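Listed below, chain by chain, are the residues.
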Amino acid sequence: MRLIVTDDYSNMSRKAAGLIASQVILKPNSVLGLATGSTPIGIYEQLSAWHQSGELDFSQITTVNLDEYCGLAPDNEQSYHYFMTEHLFSKVNLPKGRQFLPDGMNLDADRECERYQNLIGLLGGIDIQLLGLGHNGHIGFNEPSDAFVKDVHQVELTEKTIEANKRFFDSIEDVPRKAYTMGIGTIFQAKKILLVVSGAEKAGILRQVMCGPIWPQVPGSILQLHPDVTVVADQEAAGELERA
Ligand code: GLP
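Every residue gets a number counted from 1 within its own chain, in the order that chain's sequence is written. Residue-level local features of this predicted model are given only where pLDDT is at least 70; pairs of side-chain atoms are given and counted only at 80 or more, and the full residue set underlies all totals for whole chains, interfaces and linings. Side-chain numbers come from the whole structure's heavy atoms, not from hydrogens or water.

A. Summary view of the overall build of the protein. Across its full length, the protein carries 7 helices and 10 strands. A radius of gyration in this sense is built from C-alpha atoms; the matching globule rule multiplies 2.2 Å by the number of residues raised to 0.38. Over its C-alpha trace the protein gives a radius of gyration of 17 Å, about what one expects of a compact globule, namely 18 Å for 244 residues. Based on the C-alpha atoms only, the size of the protein along its principal axes is roughly 45 × 40 × 35 Å. Burial classes: relative accessible area under 20% of the type maximum marks a residue as buried, over 50% as exposed, and values in between as partly exposed (1.4 Å probe, protein chains only). Across the 244 residues of the protein, 55% fall into the buried class. A positive count includes Lys and Arg, and a negative count includes Asp and Glu. His and the chain ends are not counted in either. Just so you know, the charge point we use is NZ for Lys, CZ for Arg, CG for Asp and CD for Glu. Once the 20 positive and 31 negative side-chain charges of the protein are each reduced to a mean point, those two points are 6 Å apart. By definition, any uninterrupted DSSP run of H or I lasting at least four residues is a helix, any uninterrupted run of E lasting at least two residues is a strand, and each is numbered from the N terminus.

Structure (structure tokens):
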């Protein structure tokens, strides 16, 4: 794993956006695996700014997102569809038909998981997968459990994740209990992985992810086995790495 430590969130965002931008420049028809949560927002702002100043062209890019809540329609403000439209899709020249997320409104979980897994295969796999890190070590919505799940699947969100994500909803009761997510195998098929982590409250879990045992109770720890992972962390998030 390659580690880049930056002074603060804004430099973390700029560095990570630079890595995505270089992928877009080097291979204009790349498949970008994208993530939601508050951490990548600065990256999307930077990519949008570079697009608006004419430096970055997304016209041949395809995107696939990691995950989506079950039961939320794309026009629901809390859905990841809505998040992506607000923070990136509406700001850059990504072709409309090439922005893919799981369909949270498809109640047939088996079919939806199979459809999304096949879709990623048909696209030829992901060139670079952006990941944030959950407070419990989750990546996408791969929650701590007894085993790593390989393919796209439906998950029951843990209480910790529901608690962490309630800040985006009116009340905790509104947070969906289930989501569709890429599995660990789906994420691992990405040629490159870019993990972004910010803030002191993630320092302990980042240390476990990068330096601890590889086990499904810390899902992100499996990234130690991927051949091309870059972690961009701000100083606060990297605070416990030196000690480790
Ligand atoms: C959600 C998403 C994850 C994301 C995580 C961390 O649970 N499903 O993909 O990494 O939140 O979010 P944040 O960056 O807001 O801490």
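B. Local environment of the site of the ligand. Residues are classed as near a molecule or strand on a simple rule: at least one heavy atom within 4 Å of it. Close to the ligand lie 14 residues; S38, T39, D67, R167 and K202 are nearest. One of the side-chain N or O atoms of D67 is found 2.8 Å from a nitrogen atom in the ligand. Here an oxygen atom of the ligand and a side-chain polar atom of R167 are 2.9 Å apart. When isolated, the ligand has an accessible area of 390 Å², and the protein chains bury 97% of it. Residue type decides the class: Asp, Glu, Lys and Arg count as charged, Ala, Val, Leu, Ile, Met, Phe, Trp, Tyr, Cys and Pro as nonpolar, and the leftover types, Gly among them, as polar. Tallied by class, residues from the shell around the ligand come to 3 nonpolar, 8 polar and 3 charged. Contacts described as polar in this section are N or O atom pairs within 3.5 Å, which, within protein, must combine one atom able to donate a hydrogen with one able to accept it, while residues neighboring in sequence count only if both atoms come from side chains. Residue exposure ignores everything except the shown protein chains as possible cover, and the areas themselves are Shrake-Rupley values with a 1.4 Å probe.

C. The arrangement of the packing of aromatic side chains in detail. A pair of Phe, Tyr and Trp rings is counted when the ring centres sit within 6.5 Å of each other, with Trp represented by its six-membered ring. The angle between the planes then sorts it: under 30 degrees is stacked, over 60 is edge-to-face, the rest tilted. Taken as a whole, this structure holds 5 aromatic pairs when the rule is applied. For the pair Y69 and F141, a centre-to-centre distance of 5.5 Å together with 50° between the ring planes defines the contact as tilted. Of this pair, Y69 sits in strand β4 (residues 67-69) while F141 sits in the loop between β6 (128-131) and β7 (153-156), and the two are 72 residues apart along the sequence. One exposure class covers both Y69 and F141, and it is buried. Aromatic side chains Y80 and F141 sit 6.0 Å apart centroid to centroid with 15° between the ring planes, which places their arrangement in the stacked category. Of this pair, Y80 sits in helix α3 (residues 80-89) while F141 sits in the loop between β6 and β7, placing them 61 residues apart in sequence. Site record: aromatic cluster; members linked through ring pairs are Y69, Y80, F141 and F169.

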